[in-house]
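Descriptive structure summary
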Amino acid sequence: MRKLTYFIACSIDGFIGGPDGDASFMTRFVDEEFLGFLTAEYPETLSTPGRRHFGLDDLPNKRFDTIVQGRGSYDLALKEGITSPYAHLREYVASRTLTRSPDPNVEIISADPVGRVRELKAEDSPFDIYLCGGSGLAGELIDEIDELVIKTYPVVLGTGMPMFGSGFAVSQFAPESVRTFGNGVLVRTYSRKR
């Protein structure tokens, strides 16, 4: 069974973006040390345009071969004219409003994202599934998430888009590791307690 990993950036107080979802202020923390960590440990989480920008197009996938993201996350790429933001992965976008995919590499999940993710997890593959966001989709998929990798940036927002846009429910995870970077970023990894 493949794992679903929610690999997400957030503020100290647990927001993945401002009230409108904007998280562009977090990019300043991708310095040389942190980029080295990402390229060595999670290369497939770098978008295709990001990989090109840093001259990293040839990085092989290490952990994931599939990405699932919500419509809001996907719209960030579409606004830039990018229809396949993770061309090095199989791309799925959960959306009730996007009826047709603008790219042959992107499959739209228009109904039952939980069922579709269960199907993806049941596939035979040495790679896992990267849940990119957003908040609402993570809330829907919380019971399917096997691992959390939380990149906590040293900022407090006070309000904004939470990591999980869902109602109150207790889901327990066990800490696996914490890594600290010189720029103040913490990367915490947790596994689901079943």
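Residues numbered from 1 in each chain as written. Predicted model: local features only at pLDDT ≥ 70, side-chain atom pairs only at ≥ 80, totals over all residues. Heavy atoms only, no water.

1. Observations concerning the packing of aromatic side chains
Let me state the cut-off plainly: Only Phe, Tyr and Trp rings are paired, with Trp represented by its six-membered ring, and only when their centres lie within 6.5 Å; those with planes under 30 degrees apart are stacked, over 60 edge-to-face, the remainder tilted. Strands are runs of DSSP state E lasting at least two residues, helices are runs of H or I lasting at least four, and both sets are numbered from the N terminus onward.
Per the stated rule, a full pass over the model turns up 11 aromatic pairs. Consider the rings of Tyr6 and Phe164, whose centres lie 5.2 Å apart with planes at 70°: the pair is edge-to-face. Here Tyr6, found in strand β1 (residues 4-10), pairs with Phe164, found in the loop between β8 (161-162) and β9 (173-180); they are 158 residues apart in sequence, far enough to count as distant. Among the aromatic residues, ring-to-ring pairing joins Phe7, Phe29, Phe34, Phe37, Tyr42, Phe64, Tyr86, Tyr130, Tyr153 and Phe181 into one connected group.

2. Examining the nonpolar core
Defined as follows: The term nonpolar core refers to a set of buried residues drawn from Ala, Val, Leu, Ile, Met, Phe, Trp, Tyr and Cys, joined through side-chain atoms within 4.5 Å. For each residue, the accessible area found with a 1.4 Å probe, counting protein chains only, is set against the maximum for its type, and the residue is called buried under 20%, exposed over 50%, and partly exposed in between.
In this structure, Phe34, Phe37, Tyr130, Tyr153, Val185 and Val187 are the most contacted members of the largest nonpolar core, which totals 24 residues. Counting residues per element, the ones that place at least two in this core are β1, α1 (32-41), β3 (64-70) and β6 (128-133). It is α1 that contributes the most residues to this core, four residues altogether. Grouped together as the second largest cluster of nonpolar side chains are 22 residues, Val68, Val114, Val117 and Ile129 included.

3. Observations concerning the side chain of Lys151
To be explicit about the condition: Two residues qualify as a contact provided that any one of their heavy atoms is within 4.5 Å of a heavy atom in the partner residue.
Here Lys151 shows up in strand β7 (residues 147-152). When neighbours within four sequence positions are excluded, Lys151 is seen to be in contact with Phe7, Ile8, Ala9, Cys10, Phe34, Leu38, Leu186 and Val187.

4. What about unusual backbone geometry?
In the segment running from Gly133 into Gly134, the intervening peptide bond is cis, with an omega of 5°. Position of Gly134 relative to the elements: it lies in the loop between β6 and α5 (135-140). The backbone of Asp112 shows a phi angle near 55°, a positive value even though the residue is not glycine.

5. Some remarks on helix α4 (residues 113-122)
One turn of an α-helix holds 3.6 residues; hence residues three or four places apart share an orientation. In terms of residue burial, α4 counts as a mostly covered element, since seven of its 10 residues are buried. Of all the positions in α4, only Pro113, Val114, Gly115, Arg116, Val117, Leu120 and Lys121 are classed as buried.

6. Considering the pattern of salt bridges
Our working rule: What counts as a salt bridge is simple: a side-chain nitrogen of Lys or Arg found within 4 Å of a carboxyl oxygen of Asp or Glu.
Under the counting rule described, the total for this entry stands at 13 salt bridges. Residue Arg116 is joined to Glu107 by a salt bridge in which the shortest nitrogen-to-oxygen separation is 3.2 Å. Owing to a relative accessible area of 34%, Glu107 belongs among the partly exposed residues under this scheme. Where Glu144 meets Arg118, a salt bridge forms, and the shortest distance between an N and an O atom there is 2.8 Å. Residue Glu144 is located in the loop between α5 and β7, and its partner Arg118 is located in helix α4; the two are separated by 26 residues in the primary sequence. Exposure remark for Glu144: the relative accessible area of 9% places this residue in the buried category. Residues participating in the shared-partner salt-bridge network are Arg2, Asp65, Arg90 and Glu123.

7. Structural notes on the sheet that holds strand β4 (residues 90-94)
Hydrogen bonding along the main chain pairs the strands of a sheet, whether they run parallel or antiparallel. The following threshold applies: A strand pair is defined by DSSP finding two or more bridges across the two strands. Convention adopted: a line fitted to C-alpha atoms gives each axis, helices being fitted over their contacting stretch, and angles between N-to-C directions are expressed from 0 to 180 degrees.
Read across the sheet, eight strands follow the order β5-β4-β3-β6-β1-β7-β10-β9 without closing on themselves; strand pairing throughout is mixed. Two strands close off the open sheet at either side, each with one partner strand: β5 (106-109) and β9. Each strand of the sheet is rotated relative to its neighbour by a mean of 20°, with strand direction disregarded.

8. Some remarks on the side chain of Thr45
On the secondary structure map, Thr45 appears in the loop between α1 and α2 (48-53). If sequence neighbours within four positions are ignored, Thr45 has contacts with Phe7, Leu38, Phe64, Tyr86 and Tyr130.

9. Examining the layout of surface pockets
What counts, and what does not: Definitions used for this entry: grid spacing 1 Å over protein atoms alone; cavity, a set of points where a 1.4 Å probe fits but cannot get out; pocket, an open set with protein on both sides within 12 Å along at least 5 of 7 lines; lining residue, one with an atom within 4 Å of a point. Grid points are joined across faces, edges and corners, and a volume is the space filled by probe spheres set on the points. Polar here means any residue outside two lists: the nonpolar Ala, Val, Leu, Ile, Met, Phe, Trp, Tyr, Cys and Pro, and the charged Asp, Glu, Lys and Arg; Gly therefore counts as polar.
A volume near 1400 Å³ is recorded for the largest pocket. Forming the boundary of the largest pocket are 41 residues, of which Ala23, Thr27, Leu76, Tyr86 and Cys132 lie nearest the centre. For the lining of the largest pocket, the secondary-structure elements that each account for two or more residues are β1, α1, α2, β3, α3 (71-78) and β6. Looking at the lining of the largest pocket element by element, the count peaks at six residues for α3. Its residues placed into classes, the lining of the largest pocket shows 22 nonpolar, 13 polar and six charged.

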